[in-house]
Amino acid sequence: MPLQIAIVGSGPAGCFIAELLSRKIEDCQIDIIERLPSLFGLVRAGVAPDHQGTKNVTRQFEKTLEKDNIRVLANLNVGPDISYDELKSCYDLVVIATGASEDRMLNIPGEDSAGVYGSSHFVGWYNGHPASHQNPPELKGPSVAIIGHGNVALDIARLLAKTSNERAETDICAPAMSQLDNSEVSDIYLIGRGTPEQSKFTPPELAELKALSAAVPVISNTRIPETPSSDLDPREARAKQMNLDLFREFAENASNPVLTAGKTRIHLLFNHSPVAVASENGRIKSLKLKHQAEQASDELALPVDTLISAIGYRSREISSVPFDTQQGRIQHENGLIEPGVYATGWCRRGPNGVIPTNRADALEISKRILADLDSGQISAGKSGRVAMDNLIEAKQLKVLSYQDWKTIDQAEQDRAQGNKPREKFLTEAEMLQVLSS
Ligand SMILES: Cc1cc2nc3c(=O)[nH]c(=O)nc-3n(C[C@H](O)[C@H](O)[C@H](O)COP(=O)(O)OP(=O)(O)OC[C@H]3O[C@@H](n4cnc5c(N)ncnc54)[C@H](O)[C@@H]3O)c2cc1C
């Protein structure tokens, strides 16, 4: 009797663990459950639309999902559609891989003003995530501030600063493309509370700012050390050195008015944290910043029309699944939530690491699962797919298969214009419509 496995979430973590379990457990049937009609989590909804090479990892995931013992149940939301208890009653083994899609708050006064967005919402908007399109951001005015000194902040700054031509080969969805093309943005502030050495940018992504045709990265009034501190391991020291070298170039840009004339300026601000948002008629007007090392009186008020916080994410709670509210992720012990239920990916370890980090995570969890199978803590016996299909039928849920997703995927590619790789559908209803036409 095959071991009946459910994996919740079709992002990198879900796909990696599906691949590993399908190879390592001799007789098993795996259902991958995804709340959206579309697949692949943040590869579709997070990774920058001008980094199509990174998004190509989905080809590897497709090979996994095409395996005979793997089936996709998309448009099925664990929690509202199928409860955690129902899931456990159907499957011998459940792996939760639901990521971390909620924005962390800045927790400053005025954060609820119009024009203030979390990066998950903002990135989801240009990447065509249905949730962001229920309440799309409005880009108004010339000045945008982004809080956070990591790669997500860089992605947002770069996409805002690109010209229409530079965005032409991306899959930014049509409404976002139109707002970006018509925006008046001329000053983008990348604000971090740490020193230049402490920033979390990776050098290749930071260097991309130099290649923009109509924007210039600038740094003013900041001491940039020649070399990073000596206690770093060699790999980290090399990356920090590359960042510092780039920062020095950006500081030279700031003193060259010919270079910046008529261009969008991307200002990198270090050692500053946000204190409050001031608004006018309900919309953000300025952002109050405090220098980390100076007195409270040394606050700076930056005129800002749009504010985006890119300071990390929390997992979304699923009813009855143990949750660590302080950490903002699923509660587990080395990946074990309770007997027969495991967690992997961002919902397990929080929002850090790149796509391949989730493979290492899935490998670790798969080893634990195999050990628990060997010791008899997990065993086959539940009716799996049969029970799940009965539940789906009884609840009259519209669940999509992998083939249904491929039909939607093809339709998005077919309707793309110019050099765009695809034109994404922005609502679940539109995607379902494709299947009925
Ligand atoms: C803006 C941004 C840009 C990034 N860029 C890069 C990059 O360029 N390169 C790189 O290597 N990494 C990048 N990353 C990191 C990478 O995306 C993550 O490491 C990875 O996606 C985490 O995988 P995951 O499967 O844990 O979560 P996710 O990718 O979020 O997948 C979780 C899946 O679970 C589904 N789900 C959630 N709740 C439920 C539920 N209740 N029922 C059913 N399904 C559910 C979601 O819809 C989603 O499909 C980026 C991340 C962000 C936020």
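Residues numbered from 1 in each chain as written. Predicted model: local features only at pLDDT ≥ 70, side-chain atom pairs only at ≥ 80, totals over all residues. Heavy atoms only, no water.

## Regarding the overall build of the chain
Here comes step 1: Check the secondary structure of the chain and you find 18 helices and 19 strands.
Here comes step 2: Projecting the C-alpha coordinates of the chain onto the three principal axes gives extents of approximately 70 × 55 × 40 Å.
Here comes step 3: The buried share of the chain, taken over its 437 residues, is 52%.
Here comes step 4: Restricting the contact set of the chain to residue pairs at least 6 apart, pairs at least 24 apart contribute 73%.
Here comes step 5: The chain carries 46 positive and 57 negative side-chain charges, and their two centres are separated by 2 Å. (Helix = DSSP H or I, 4+ residues; strand = E, 2+ residues; numbered from the N terminus. Buried < 20%, exposed > 50% of the residue type's maximum accessible area, 1.4 Å probe, protein only. Contact = heavy atoms within 4.5 Å. Lys, Arg positive; Asp, Glu negative; His and termini not counted. Charge placed at Lys NZ, Arg CZ, Asp CG, Glu CD.)

## Topic: the site of the ligand
Here comes step 1: Around the ligand sit 31 residues in total, of which Glu 34, Leu 42, Val 78, Trp 346 and Ile 355 are the nearest.
Here comes step 2: One nitrogen or oxygen atom from the main chain of Pro 12 is found 3.3 Å from an oxygen atom belonging to the ligand.
Here comes step 3: Backbone polar atom of Arg 35 to a nitrogen atom of the ligand: 3.0 Å apart, as the coordinates give it.
Here comes step 4: Here the ligand loses 91% of its free accessible area of 1,000 Å² to cover by the protein chains.
Here comes step 5: Of all elements in the fold, only helix H1 (12–24), strand E2 (28–34), helix H2 (41–45), helix H8 (151–161) and helix H15 (355–374) reach the threshold of two or more residues within the shell around the ligand.
Here comes step 6: For the shell around the ligand, the residue count by class is 16 nonpolar, twelve polar and three charged.
Here comes step 7: The two domains that each donate at least three residues to the shell around the ligand are domain 1 (3–101 + 315–436) and domain 2 (103–313). (Near = heavy atom within 4 Å. Polar contact = N/O pair within 3.5 Å; in protein donor to acceptor, adjacent residues only side chain to side chain. Areas by Shrake-Rupley, 256 points an atom, 1.4 Å probe, with all protein chains shown as cover. Nonpolar A, V, L, I, M, F, W, Y, C, P; charged D, E, K, R; others polar. Domains from an automatic or database assignment.)

## Structural notes on the nonpolar core
Here comes step 1: In terms of nonpolar packing, the biggest core is built from 41 residues, with Ile 146 and Phe 247 touching the most fellow members.
Here comes step 2: For this core, the elements supplying multiple residues, two or more each, are helix H6 (119–126), strand E7 (143–147), H8, helix H10 (174–181), strand E8 (187–191), helix H12 (234–254) and strand E10 (264–269).
Here comes step 3: For this core, the leading source of residues is H8, giving seven residues.
Here comes step 4: The contacts of Ile 146, once residues within four sequence positions are left out, are Ala 153, Ile 156, Ala 157, Leu 160, Ile 188, Tyr 189, Leu 190, Ile 191, Ile 308 and Ala 310.
Here comes step 5: Judged by nonpolar contacts, the second largest core, of 40 residues, contains Cys 15, Ile 30, Phe 40 and Val 47. (Core = buried A, V, L, I, M, F, W, Y, C linked by side-chain atoms within 4.5 Å.)

## So, the pattern of salt bridges
Here comes step 1: Under the counting rule described, the total for this entry stands at 29 salt bridges.
Here comes step 2: Across the salt bridge formed by Glu 364 and Arg 348, the nearest N and O atoms sit 3.4 Å from each other. Taken as a pair, Glu 364 in helix H15 and Arg 348 in helix H14 (residues 346–349) lie far apart in primary sequence, 16 residues in all.
Here comes step 3: A residue is classified by how much of its surface remains accessible, and Arg 348, at 9% relative accessible area, is buried.
Here comes step 4: For Lys 406, the salt bridge goes to Asp 409, with nearest N and O atoms at 3.3 Å. You can see Lys 406 and its partner Asp 409 sitting in helix H17 (residues 402–414), three residues apart, about one turn around the helix.
Here comes step 5: You can call Asp 409 buried: its relative accessible area is 5%.
Here comes step 6: The network of salt bridges with common partners includes Arg 44, Glu 62, Lys 406, Asp 409, Glu 412 and Arg 422. (Salt bridge = Lys/Arg side-chain N within 4 Å of Asp/Glu carboxyl O.)

## Structural notes on the state of the cysteines
Here comes step 1: Summed over all chains, the structure comprises zero disulfides.
Here comes step 2: Free cysteine: Cys 90, not disulfide-bonded; nearest cysteine sulfur from Cys 28 at 17 Å.
Here comes step 3: Residue class for Cys 90 comes out buried when judged on its relative accessible area of 2%. (Disulfide = S-S within 2.5 Å.)

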